[in-house]
Amino acid sequence: MLALCCMSAVLGFADEPAVVFTPRQQRRILQHSPVPAVPDDPTNDWDRDPAAAHLGQALFFDAGFSRNGQVSCATCHGPMIAWTDAQPLATGLETGTRHSPSLLNVAHQRWFFWDGRADTLWSQAMHPIEHPGEFDASRIEYVRRIHSDAAYREAYESLFGPLPPMDDEQRFPRDARSDSPAWAAMAETDRDQVNRAFANCSKSVAAYESRLRSVESPFDVFVEGLRQDDETKLAALTASEQRGLQLFVDEAGCRQCHSGPLFSDFEFHNIGIPTGHGGAPRDPGRFDGLAHVQRSPFSAHGPYSDDPDGARARRTASIVQGQEHWGSFKTPTLRNIERTAPYMHQGQFDRLEDVLAFYNTLEDMQLQDHHQEMVLKPLELTDAQLADLAAFLRSLTSPLPPKSLMGPVDPRTGKPPSEPIEGP
Ligand code: HEC
Ligand code: HEC
């Protein structure tokens, strides 16, 4: 165990005043590192299966599933920019109303999307396919493409067993979007088969996404140094970064919400940031997200989950929607924040400095009504302190995952394709 109780760590450099962390600050700092292994997802029996991850990686980078053949998951979650798109609002077939989050370390989350309208990583992956602004495709055409492509079909069937006979267009009509009369007219068992195959593909995509880890930052080396009382490791953070860290865990109150190793409580808050469109907020956030996830057939308690009675499922079922959820959004992780500009659910802020300026003054804060939590107070930090805080946040940047995860692969082998993967 640690011998932190009776000493204050004095960490400094010859030419700068030393940073002295109190024992309480040290205990708080230790809570932010290391990042544990990715938790198992019992709702997805394939989440650790390497072959599923290969299929998922191929699907992730394949634009052939979108209506215009040009949009893939990587369009908005580009590996070269930390699996995000550097735009305020995402654009697939149309421009949407929310900002694309980074997918680094995404498998640690318990709710997905800014409003948490998916409760598993695999069910999240189904949404973009049918979203009119993203892929604008349908699950039936998605599964048909898997069926008609030899490489996909082989990879799929070796994992999940036979696909439904998608070439029977009487039973599986073309263009039977899941909101259309043609879909409603299909036999229930056929709809179920399509849903299951679509869910299986999405479980493969989730198996790939759960490998997108980026967790070893200078900050983590520093924390190791604190644990081991190792001066070389403690030097991983400059004096300015250490002063920023001290503000973060104490005076600035950031850890109330940006807590734990991922710097997020994974809960929803309304921090009243000015809207991207000007004027009052229109986005209900968690209020609608909760209603959606509770009635979705693809939720953790639904028939396509591999653990419908488990903890995740019980949590989804037990939350009661309340007015306090209106306008609240999930606390984002702060790891790799330097790479994921712009910031907030509408990409309202271009730079980290702009985010900190908001917390510092709460200027233009959008107050709603008495339901809004009032945790935030203007920080009133000096410019030098704000610079320290920004420097600390930039010390949360880690090496990106291996190159082998950064591009399209052959769905059967996980190797870069020697020739383009054939379309249908
Ligand atoms: C048109 C751009 C676009 C495309 C294409 C797209 N996404 Fe996203 N993604 C977004 C946006 C925007 C959000 C946040 C939306 C929201 O909260 O309502 C998001 C959210 C997510 C999240 C939740 C992350 C979190 O922190 O909650 C995951 C995971 C994700 N996308 C994976 C995927 C996968 C897998 C695909 C392909 C099947 C995909 N995305 C396709 C834009 C896109
Ligand atoms: C009451 C909870 C809460 C507190 C306290 C808080 N934050 Fe946040 N933070 C959030 C939420 C929620 C968001 C997303 C808000 C949105 O998009 O509507 C966010 C967004 C951010 C972002 C943008 C992240 C991104 O990827 O878009 C940064 C950076 C950030 N906070 C840093 C801080 C710092 C630094 C502090 C301390 C000065 C702090 N936060 C205090 C809840 C909080």
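Calculation criteria
- Residues numbered from 1 in each chain as written.
- Chains lettered and ligands numbered in written order.
- Predicted model: local features only at pLDDT ≥ 70, side-chain atom pairs only at ≥ 80, totals over all residues.
- Heavy atoms only, no water.
- Donors = N, O, S within 2.8 Å, 3.2 Å for Na, K, Ca; no water.
- Helix = DSSP H or I, 4+ residues; strand = E, 2+ residues; numbered from the N terminus.
- Domains from an automatic or database assignment.
- Contact = heavy atoms within 4.5 Å.
- Buried area = accessible area lost by both parts, 1.4 Å probe.
- Salt bridge = Lys/Arg side-chain N within 4 Å of Asp/Glu carboxyl O.
- Nonpolar A, V, L, I, M, F, W, Y, C, P; charged D, E, K, R; others polar.
- Tetrahedral: all angles 85-135°; square planar, octahedral: opposite > 155°, others 65-115°.
- Buried < 20%, exposed > 50% of the residue type's maximum accessible area, 1.4 Å probe, protein only.
- Axes fitted to C-alpha atoms, helices over the stretch in contact; angles between N-to-C directions.
- Left-handed = near helix turned anticlockwise from the far one by under 90°.
- Near = heavy atom within 4 Å.
- Polar contact = N/O pair within 3.5 Å; in protein donor to acceptor, adjacent residues only side chain to side chain.
- Core = buried A, V, L, I, M, F, W, Y, C linked by side-chain atoms within 4.5 Å.
- Phe/Tyr/Trp six-rings, centres within 6.5 Å; stacked < 30°, edge-to-face > 60°.
- Lys NZ or Arg CZ within 6 Å of the ring centre and 35° of its normal.

J.: Before we move on, can you summarise the coordination of the iron atom of ligand 1 with the specific residues and values?
T.: A lone protein donor contacts the iron atom of ligand 1, and this donor is H77 (NE2), found at 2.1 Å. Position of H77 relative to the elements: it lies in the loop between helix 3 (73–76) and helix 4 (121–124).

J.: Give a detailed account of the domain arrangement of the protein chain, specifying residues and quantitative values.
T.: Segmenting the protein chain into domains produces domain 1 (9–38 + 214–394) and domain 2 (50–211). Between the C-alpha centres of domain 1 and domain 2 there is a distance of 29 Å. With 42 residues of domain 1 at the contact, the number on the domain 2 side is 38 residues. Each partner contributes to the roughly 3400 Å² buried at the junction of domain 1 and domain 2, and carbon and sulfur atoms together form 57% of this total. Its largest share of buried area at the contact with domain 2, domain 1 owes to F298, Y304 and K330, together 22% of the area lost on that side. Across the contact surface, domain 1 and domain 2 share three salt bridges. Ionic pairing is found between R98 and D283, a salt bridge with its closest N-O pair at 2.8 Å. Listed by contribution, the elements that provide at least two residues to the side of domain 1 that touches domain 2 are helix 13 (286–295), helix 14 (311–318) and strand 4 (329–330). Residue contributions to the side of domain 1 that touches domain 2 peak at five residues, all from helix 13. Looking at the side of domain 1 that touches domain 2, its residues break down into 20 nonpolar, 12 polar and 10 charged.

J.: Tell me about the coordination of the iron atom of ligand 2, and please be specific about residues and values.
T.: The coordination sphere of the iron atom of ligand 2 contains the protein donors H258 (NE2) and Y359 (OH), at a distance range of 1.9 to 2.1 Å. Relative to the metal, the six donor atoms surrounding the iron atom of ligand 2 lie at angles of 88 to 180°, and the coordination shape comes out octahedral. Taken as a pair, H258 in the loop between helix 12 (239–249) and strand 3 (268–269) and Y359 in helix 15 (residues 352–361) lie far apart in primary sequence, 101 residues in all. For the pair H258 and Y359, a shared accessibility class is recorded, and that class is buried.

J.: A description of the packing of helix 2 (residues 50–60) against helix 7 (residues 150–160) should follow, citing residues and the corresponding values.
T.: Relative orientation of the contacting elements helix 2 and helix 7 amounts to 145°, with a least axis distance of 10 Å. The chirality of how helix 2 crosses helix 7 is left-handed. Facing A51, A52, L55, A58 and L59 of helix 2, the residues of helix 7 in contact are Y152, A155, Y156, L159 and F160. Within the contact of helix 2 with helix 7, the residues separate by chemical class into 10 nonpolar, no polar and no charged.

J.: Describe the site of ligand 2, listing the residues and the values that go with them.
T.: Within the structure, ligand 2 sits among 24 residues, and C254, C257, H258, M344 and Y359 are positioned closest to it. Within the side chain of H258, one N or O atom sits 2.8 Å away from a nitrogen atom of ligand 2. Separating an oxygen atom of ligand 2 from a side-chain N or O atom of H345 is a distance of 2.7 Å. Considering every element that reaches the shell around ligand 2, the biggest residue donor is helix 15, with four residues. Here the residues of the shell around ligand 2 are counted per class, giving 18 nonpolar, five polar and one charged.

J.: Any chance you could break down helix 6 (residues 139–148) for me, citing the residues and the numbers?
T.: Of all 10 residues making up helix 6, eight are buried, and the element is well covered by its neighbours. Every buried residue belonging to helix 6 is among R139, I140, Y142, V143, R144, R145, I146 and H147, and all of these are buried. Tucked into the core, helix 6 has its buried residues touching helix 2, helix 5 (127–130), helix 7, helix 8 (181–184) and helix 9 (188–209).

J.: If you had to explain the environment of M365 to someone new, which residues and values would you point to?
T.: If you trace the backbone, M365 turns up in the loop between helix 15 and helix 16 (383–394). Separated by 93 residues in the primary sequence, M365 and G272 place their C-alpha atoms 5.1 Å from one another.

J.: Break down the site of ligand 1 for me, citing the residues and quoting the values.
T.: Taken together, the neighbourhood of ligand 1 is formed by 30 residues, with C73, C76, H77, F113 and K330 sitting nearest. One of the side-chain N or O atoms of Q109 is found 3.1 Å from an oxygen atom in ligand 1. Backbone polar atom of F113 to an oxygen atom of ligand 1: 2.7 Å apart, as the coordinates give it. Classifying every residue of the shell around ligand 1 gives 17 nonpolar, eight polar and five charged.

J.: A description of the nonpolar core should follow, citing residues and the corresponding values.
T.: Ranked by size, the top nonpolar core spans 59 residues in total, and within it L59, F60 and I146 carry the most contacts. When contributions to this core are tallied by element, the ones reaching two or more residues are helix 2, helix 3, helix 4, helix 6, helix 7 and helix 9. Counting residues per element, this core draws most heavily on helix 9, at nine residues. When we break this core down by domain, the ones giving at least three residues each are domain 1 (9–38 + 214–394) and domain 2 (50–211). For I146, the contacting residues outside a window of four places in its chain are L59, F65, Y152, R153, Y156, L163 and C201. Residues V223, I273, L352 and M365 belong to the second largest nonpolar core, which totals 38 residues.

J.: Just give me the short version of the packing of aromatic side chains, but keep the residues and values in it.
T.: One pass over the full model with this rule turns up 17 aromatic pairs. On the basis of an interplanar angle of 65° and a centroid distance of 5.1 Å, the ring pair of F60 and F61 is categorised as edge-to-face. Of the two residues examined, F60 and F61, each falls in the buried class. Put simply, the rings of F65, Y142, Y152 and F198 touch in pairs and so form one group of aromatic residues. Between the NZ or CZ atom of R145 and the centre of the ring of F65, over which it lies, the distance is 4.4 Å. Between R315 and the ring centre of W111, over which it is positioned, the NZ or CZ distance is 5.8 Å.

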